[in-house]
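Secondary and tertiary structure notes
These are the residues of each chain, in order.
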Amino acid sequence: MYFKLKNAITRKQVGIQFQTKGFVDGYDIDGPNSRVHLDYDVFPSFVPDLRFELEEKAKLTDVVKPDNISAKGFLINEKVKNIFDQCNLPEHRYYEASLLDHDGHILPYYWLHLISNDYQMIDFEKSVFRKSVFSLKSSDIKSESIIQVKDLNDYQEKNLELKHESYVVLDILKVSNISNFDMLYFSKLDIRFAYISEKLATMLKKAKVTGIDIIEEPDMMDV
């Protein structure tokens, strides 16, 4: 069994979807180390300034969904880092971060910056892609017809052809050599989720890690 891992967004779990304020006082948004200069799938050539402040309505959780950061990863505390360190993740780095809580305490956190796994692992013909539209009313993606996708280039070309009127989204992922990793991440296909092994899912659940959703993915398999 494999699972999707994502930041929690419900009020009950985290209080407010983005748990951090825009920027802490004195943050140099345009500075060379600003977190707005981070990129997907590329390690920065600088040490990012990762200072955050908890929103007034946000709950303090082990994994925090930050606002105004231009990369995909997870803002985590030491408890979660210790779990991840026991698992085989895709190429990644940890960057020290801080979180100012409601009581004025500066808490140590880490930014887990992920680099995608090899896209050659994906069996595009067996994976399921759908043409979808974004519904403003429901703030969600509504899936429509299935679309055949040959490879990553084909996926990107089909999205360009649709001209943002609709999208090609990944519905079911089929991969090979998955047993080599406890986490998979493919930013060019879907930045909403990381895929995790049963081992990692069990560890996170046992530790009662807060601020995340773990969703069963029964159709995912090693081809």
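Parameters and conventions
- Residues numbered from 1 in each chain as written.
- Predicted model: local features only at pLDDT ≥ 70, side-chain atom pairs only at ≥ 80, totals over all residues.
- Heavy atoms only, no water.
- Buried < 20%, exposed > 50% of the residue type's maximum accessible area, 1.4 Å probe, protein only.
- Helix = DSSP H or I, 4+ residues; strand = E, 2+ residues; numbered from the N terminus.
- Pairing = 2+ DSSP bridges.
- Salt bridge = Lys/Arg side-chain N within 4 Å of Asp/Glu carboxyl O.

Here we look at the pairing of strand β4 (residues 73–76)
- Every second residue of β4 is oriented toward a common face, with Gly-73 and Leu-75 on one face and Phe-74 and Ile-76 on the other, all of them buried.
- Pairing between strand β3 (residues 63–64) and β4: two bridges, direction antiparallel. In the sheet register, Val-64 faces β4, and the bridge partner there is Leu-75.
- Relative to strand β6 (residues 106–114), β4 is paired through four bridges, and the arrangement is antiparallel. Counted as the bridge partner of Ile-76 is Tyr-110 from β6.

Considering the pattern of salt bridges
- Scanning the entire structure with this criterion turns up ten salt bridges.
- Residue Arg-51 is joined to Asp-49 by a salt bridge in which the shortest nitrogen-to-oxygen separation is 2.8 Å.
- Asp-62 is the salt-bridge partner of Lys-79, the closest N and O atoms lying 3.3 Å from each other. Placement of Lys-79 in helix α2 (residues 78–84) and of Asp-62 in the loop between β2 (51–53) and β3 is noted, with a sequence separation of 17 residues between them.

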